[in-house]
Amino acid sequence: MIKLSKNAEWFVLPPGHTASTPWKKVDSAFKRAIRSHLMHEQHGLCAYCMCELIEEKSRIEHFIPRSVKPELTLDYSNLILCCEGDCPETDEASDAGSASDRRKGKCAHCCDNNKDDRELSVIPNPSKEGENECLTQLAYTSDGLIYMPGEKRKAWKRDFDILNLNHPVLCALRRAAFRGMLKAATKRGIRWTADEIEKEIRRQIDPEQPPWEPFVGVIVSWLNSKLENARLASEP
């Protein structure tokens, strides 16, 4: 998961719609517009697992389920875009998380597909300003497992289990994305100084640059750790 930004200026309910209009009755063209805007705002990535999205196969997710708060059915702040929840059973050495893999792959249920109507207890809406800052603290093990350091680690793990974000397939894809970043950085001749690491972080999550690399969260987490070490090493 990674912190996202949302722009609701375009979001005007169609005639005859209210925030609690049943989802099945929402105008199909309006749903397509929602999907397109979310796709752009999320830089082409699933809001939960960060895999590459295929727009026509993506799922509009109600972060707080409609069964819990139907009055948020058409509240744009409650809408995020997710993958189909079937990340591919692919060799981690392949082009991890690519759209072509997702079209043909078998997979684990994850994200909205595994969450169903359950409500998350500690994970915030990744696109809700004021609540999503903690997502910058997420960390990853060398095996690709996602976790939240600190005293709330167990509570976050329960939510990760609801989303099935530590399924072996996703862990393998994170490892592959990390190796791909290192390989690309080596080709570009990055020397891993503090200045160059900061530049690479900005490049990875440039808000003006859609799409982002799949699983960019694990890459940025590692770069931030690398940056901290580089700064400590440069101190007198």
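How each quantity is defined
- Each chain carries its own residue numbering, running from 1 in the written order of its sequence.
- Residues qualify for local features only when their pLDDT is at least 70, as the model is predicted, and side-chain atom pairs are given and counted only at 80 or more; totals for whole chains, interfaces and linings, by contrast, use all residues.
- Heavy atoms from the whole structure form the basis of all side-chain values; hydrogens and water molecules are not counted.
- Orientation is described by lines fitted to C-alpha atoms, with helices fitted over the stretch in contact, and by angles between N-to-C directions that extend from 0 to 180 degrees.
- A helix here means a DSSP run of H or I that spans at least four residues, while a strand means a run of E at least two residues long, and both kinds are numbered starting from the N terminus.
- We call two directions roughly parallel when the angle between them is under 35 degrees, roughly antiparallel when it is over 145, roughly perpendicular when it lies between 65 and 115, and oblique otherwise.
- For a crossing to be left-handed, the near helix must be turned anticlockwise from the far one by less than a right angle; the clockwise case is right-handed.
- We call two residues in contact whenever any of their non-hydrogen atoms come within 4.5 Å of each other.
- Residues are grouped as follows: nonpolar covers Ala, Val, Leu, Ile, Met, Phe, Trp, Tyr, Cys and Pro; charged covers Asp, Glu, Lys and Arg; every other residue, Gly included, is treated as polar.
- Salt bridge criterion: a side-chain nitrogen from Lys or Arg within 4 Å of a carboxyl oxygen from Asp or Glu.
- Buried means the residue's accessible area, taken with a 1.4 Å probe over protein chains only, is under 20% of the maximum for its type, while exposed means over 50%, and partly exposed covers the values in between.
- Each aromatic pair joins two rings of Phe, Tyr and Trp (for Trp, the six-membered one) with centres within 6.5 Å, and gets the label stacked for planes under 30 degrees apart, edge-to-face for over 60, and tilted for any other angle.
- Here a polar contact is recorded for every N or O atom pair within 3.5 Å, except that within protein the pair must consist of a potential hydrogen donor and a potential acceptor, and residues adjacent in sequence are included only if both atoms are side-chain atoms.
- We call a set of buried Ala, Val, Leu, Ile, Met, Phe, Trp, Tyr and Cys residues a nonpolar core when their side-chain atoms join them within 4.5 Å.
- Paired strands, in this sense, are two strands between which DSSP finds at least two bridges.

### Thoughts on the packing of helix α5 (residues 168-188) against helix α7 (residues 216-234)
Step number 1: Packing of α5 against α7 leaves a shortest axis separation of 9 Å and a crossing angle of 55°. The orientation of α5 relative to α7 falls into the category oblique. Handedness of the crossing formed by α5 with α7: right-handed. Along its contact with α5, which presents Arg174, Ala177, Phe178, Met181 and Leu182, the element α7 presents Val218, Ile219 and Trp222.
Step number 2: Looking at the contact of α5 with α7 residue by residue, the classes come out as seven nonpolar, no polar and one charged.

### A closer look at the pattern of salt bridges
Step number 1: Tallied over the entire structure, the rule returns eight salt bridges.
Step number 2: For lysine 157, the salt bridge goes to aspartate 161, with nearest N and O atoms at 3.0 Å. Of this pair, lysine 157 and aspartate 161 both sit in helix α4 (residues 153-163), separated by four residues, roughly a single helical turn.
Step number 3: Exposure remark for lysine 157: the relative accessible area of 48% places this residue in the partly exposed category.
Step number 4: For aspartate 161, a relative accessible area of 42% corresponds to the partly exposed category.
Step number 5: The closest approach of N and O atoms between glutamate 198 and arginine 231, which form a salt bridge, is 2.4 Å. Of this pair, glutamate 198 sits in helix α6 (residues 194-204) while arginine 231 sits in helix α7, placing them 33 residues apart in sequence.
Step number 6: Glutamate 198 sits in the partly exposed class, given a relative accessible area of 25%.
Step number 7: Each member of the salt-bridge network shares a partner with another, and the members are Arg188, Glu200 and Arg203.

### Looking at the packing of aromatic side chains
Step number 1: A complete count under the given rule lists eight aromatic pairs for this structure.
Step number 2: Between tryptophan 10 and phenylalanine 11, the aromatic rings sit 5.4 Å apart at their centres with planes inclined by 90°, giving edge-to-face as the arrangement.
Step number 3: For the pair tryptophan 156 and phenylalanine 160, a centre-to-centre distance of 5.9 Å together with 55° between the ring planes defines the contact as tilted. Of the two residues, tryptophan 156 and phenylalanine 160 both sit in helix α4, four residues apart, roughly one turn of that helix.

### Some thoughts on the environment of tryptophan 10
Step number 1: Structurally, the position occupied by tryptophan 10 is in the segment before α1 (28-41).
Step number 2: Overall, tryptophan 10 belongs to the partly exposed group, its relative accessible area being 23%.
Step number 3: For tryptophan 10 and alanine 33, which are 23 residues apart along the polypeptide, the C-alpha to C-alpha distance reads 9.7 Å.
Step number 4: Ignoring anything within four residues of it in the chain, the contact list for tryptophan 10 reads Phe30, Ala33, Ile34, His37, Glu41 and Tyr76.
Step number 5: Among the polar contacts listed, one links the side chain of tryptophan 10 to the side chain of tyrosine 76, at a separation of 3.4 Å.

### What to know about the nonpolar core
Step number 1: With 61 residues, the main nonpolar core has Ile34, Cys46, Tyr48 and Leu165 as its most contacted residues.
Step number 2: Contributions of two or more residues to this core are made by α1, β2 (79-82), α4, α5, α6 and α7.
Step number 3: Residues contacting isoleucine 34, with those up to four places away along its chain left out, are Trp10, Phe11, Trp23, Ile60, Leu74, Tyr76 and Leu79.

### Concerning unusual backbone geometry
Step number 1: Of note, the phi angle at methionine 50 is positive, near 75°, even though the residue is not glycine.
Step number 2: With respect to the helices and strands, methionine 50 occurs in the loop between α1 and β1 (59-62).
Step number 3: Phi angles above zero are rare outside glycine, and cysteine 111 is one such case at about 55°.
Step number 4: With respect to the helices, strands and loops of the structure, cysteine 111 is situated in helix α3 (residues 111-115).

### Here's the deal with the environment of serine 36
Step number 1: Assignment of secondary structure puts serine 36 in helix α1.
Step number 2: Looking at serine 36, the relative accessible area reads 36%, which means it is partly exposed.
Step number 3: The spacing of serine 36 and tyrosine 147 is 111 residues in sequence and 30 Å in space, taken between C-alpha atoms.

### Considering the pairing of β2
Step number 1: Side chains of β2 alternate between two faces, with Leu79 and Leu81 and Ile80 and Cys82 buried alike.
Step number 2: Here β1 pairs with β2 via four bridges, running antiparallel. By the bridge assignment, isoleucine 60 is partnered in β2 with leucine 81.

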